Amino acid sequence: MSPTSQAAPDGAQIGAFTLTLRIVSIAFFTFICYLAIGLPLAVLPGYVHGQLGYGSVLAGLAISVQYAATLLSRSHAGRMADTVGPKQTVVIGMAACAASGVFLLLAYAFERSAWLSLAAIIASRLALGFGESWVGTGSATWAIARVGPLHTARVISWNGICTYGGLALGAPLGVYLEKEWSMGALGGAVLLLGLAGLGMAVSRAAVAIVGGHRMAFKSVVLRVFPHGMALGLGSVGFGTLAAFVALYYASSSWDGAAHALSAFGCAFIGVRLLFAGTIARFGGFRVAQVSFLVEAAGLLLLWLAPNPGAALLGAALTGCGFALVFPAIGVEAVARVPAGSRGAALGAYSAFLDLALGVTGPIAGYISSGFGYPAIFLAAAMSVLTGFLIAFGLQRHAVRAVPAAPGA
């Protein structure tokens, strides 16, 4: 096989099944990465809070520090995908995921020393955050290069399906591994996933690097800034759910926190599969506005949930709403930059999600300390509704920017 594969121009000659197969074959790297992320997701907050004896703020920080690492490495990941190649970007990201597993093993080994164990957990989260940015940005850019930019929305949608599919599968599997064996089993599983993804990425054919004009990263950030703000505000619901649903359930004496994460992930995937075509039909901003309203409804239900069944429904509604936020606004953001800066645009746009997830944990932990865990979902709903207002404003601006047809 040639070391460099060429995509059909704009995916025009690709049949529907072949198109999906090409996208999924690359997006599968995202699935492996997020399966590794999902494994400790429902375990670490309780482990840091219960086993190591730290407070809820540090428990939230142990989750959120991953997103800080992702945020700081997004620009480098996007630049490397554009200039060196997305395959190489994915290879490095998978190696970082494997390193995260090594640090989790060390956290288990240092369990008798709380501060050493916490330090190893934070190092694991930092490595995983680095891997997340490089695998996520690299695989999306890789897939777009294989099928053409006309299918950007579909690539982003499948990348998201693999993202939350990995989280939905990883969360209950991680709880099972920790319960039946130990935290060490989690570390071993993450290490093996990283090594498997690394081997697969090395064996795959690369794609030609897109030439042409490349914008400075600062200019790319400014170009997609309002789109990223809407994404970040809409991501607070997911960040709150991921970091605190386990402690929320425990504070209410409920079982099944991992099932809430799975309900979120399954609902997310279902909406992506069934309604991804609505972005091309109705436009990204319109789809985003509906998505924000549904997500806010789910978060409000979590805030008021009288029992675990209602909370489960709230998590599912939150997943339904959040499902199309990233691709709906992302298509509009990527369209604002030249092809040679596509990876940088994806990196810059995604960085707003990372920033939101990074600050959500500590802020939500502070809110929960003063007002209880249900209050953090009310605050998240208010954030999502602010995202709705930005998307509404962007749509209005886009409509005004379209010139009237001659004779209209």
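Before reading further, recall that the structure is shown in the block above.
Right, let's walk through the structure included here. Predicted model, so just to flag it, every value in this text is computed and none were measured.

Conventions adopted
Residues numbered from 1 in each chain as written. Predicted model: local features only at pLDDT ≥ 70, side-chain atom pairs only at ≥ 80, totals over all residues. Heavy atoms only, no water. Helix = DSSP H or I, 4+ residues; strand = E, 2+ residues; numbered from the N terminus. Rg over C-alpha atoms; globule rule 2.2 N^0.38 Å. Buried < 20%, exposed > 50% of the residue type's maximum accessible area, 1.4 Å probe, protein only. Contact = heavy atoms within 4.5 Å. Areas by Shrake-Rupley, 256 points an atom, 1.4 Å probe, with all protein chains shown as cover. Phe/Tyr/Trp six-rings, centres within 6.5 Å; stacked < 30°, edge-to-face > 60°. Axes fitted to C-alpha atoms, helices over the stretch in contact; angles between N-to-C directions. Parallel < 35°, antiparallel > 145°, perpendicular 65-115°, else oblique. Nonpolar A, V, L, I, M, F, W, Y, C, P; charged D, E, K, R; others polar. Expected span 1.5 Å × (residues − 1). Bend = angle between axes of the 7 residues up to and from the residue.

## Quick look at the overall build of the chain
- Secondary structure assignment for the chain yields 15 helices and two strands.
- In terms of C-alpha radius of gyration, the chain reaches 20 Å, essentially the compact-globule figure of 22 Å for 408 residues.
- Its C-alpha atoms give the chain principal-axis dimensions of roughly 70 × 50 × 35 Å.
- Looking at the chain as a whole, 56% of its 408 residues are labelled buried.
- Here the analysis covers contacts within the chain between residues at least 6 apart in sequence; of these, 86% occur between residues at least 24 apart.
- Approximately 15,900 Å² of the chain is accessible, and the part contributed by carbon and sulfur atoms is 69%.

## A look at the packing of aromatic side chains
- Within this structure, the stated rule accounts for 16 aromatic pairs.
- Between Phe225 and Phe352, the aromatic rings sit 5.6 Å apart at their centres with planes inclined by 75°, giving edge-to-face as the arrangement. Taken together, the residues Phe225 in helix α8 (residues 217–251) and Phe352 in helix α14 (residues 342–371) connect sequence positions 127 residues apart.
- Residue Phe352 is classed as buried on the basis of its relative accessible area, which comes to 11%.
- Pairing Phe326 with Tyr349 gives two aromatic rings, centres 4.9 Å apart and planes at 65°, and the pair type is edge-to-face. Linking Phe326 in helix α13 (residues 325–334) with Tyr349 in helix α14, this pair joins segments that are 23 residues apart in sequence. Across this residue pair, the class does not change: Phe326 and Tyr349 are buried.
- Among the aromatic residues, those joined into a cluster by ring pairs are Phe238, Phe264, Phe268 and Phe322.

## Digging into the side chain of Ser117
- Its location among the elements puts Ser117 in helix α5 (residues 114–147).
- According to the relative accessible area criterion, Ser117 is buried, its value standing at 0%.
- Ignoring anything within four residues of it in the chain, the contact list for Ser117 reads Tyr47, Leu52, Ala107, Phe110 and Glu111.

## A word on the packing of α8 against α13
- The interhelical angle for the contact between α8 and α13, taken along N-to-C directions, is 175°, at an axis separation of 9 Å. With respect to their mutual orientation, α8 and α13 come out roughly antiparallel. Taking contact as the criterion, the partners of Val224, His227, Ala230 and Leu231 in α8 are, on α13, Val325, Phe326, Ile329, Glu332 and Ala333.
- In terms of residue class, the contact of α8 with α13 is made up of seven nonpolar, one polar and one charged.

## Thoughts on unusual backbone geometry
- If you check the backbone angles, Ser253 has positive phi at about 60° while not being a glycine.
- Counting through the fold element by element, Ser253 comes out in the loop between α8 and α9 (257–275).
- Overall, the relative accessible area of 67% leaves Ser253 in the exposed class.

## Focus: α14
- Relative to the 44 Å expected for 30 residues at 1.5 Å per residue, α14 spans 43 Å between its end C-alpha atoms, a close match to the ideal helical length.
- Along α14, the sharpest change in direction is near 35° and occurs at Thr360; proline Pro362 comes one to four residues later.
- Most of α14 sits out of view: 22 of its 30 residues are buried.
- Immediately downstream of α14, the backbone of Gly372 shows phi near 95°, a positive value.

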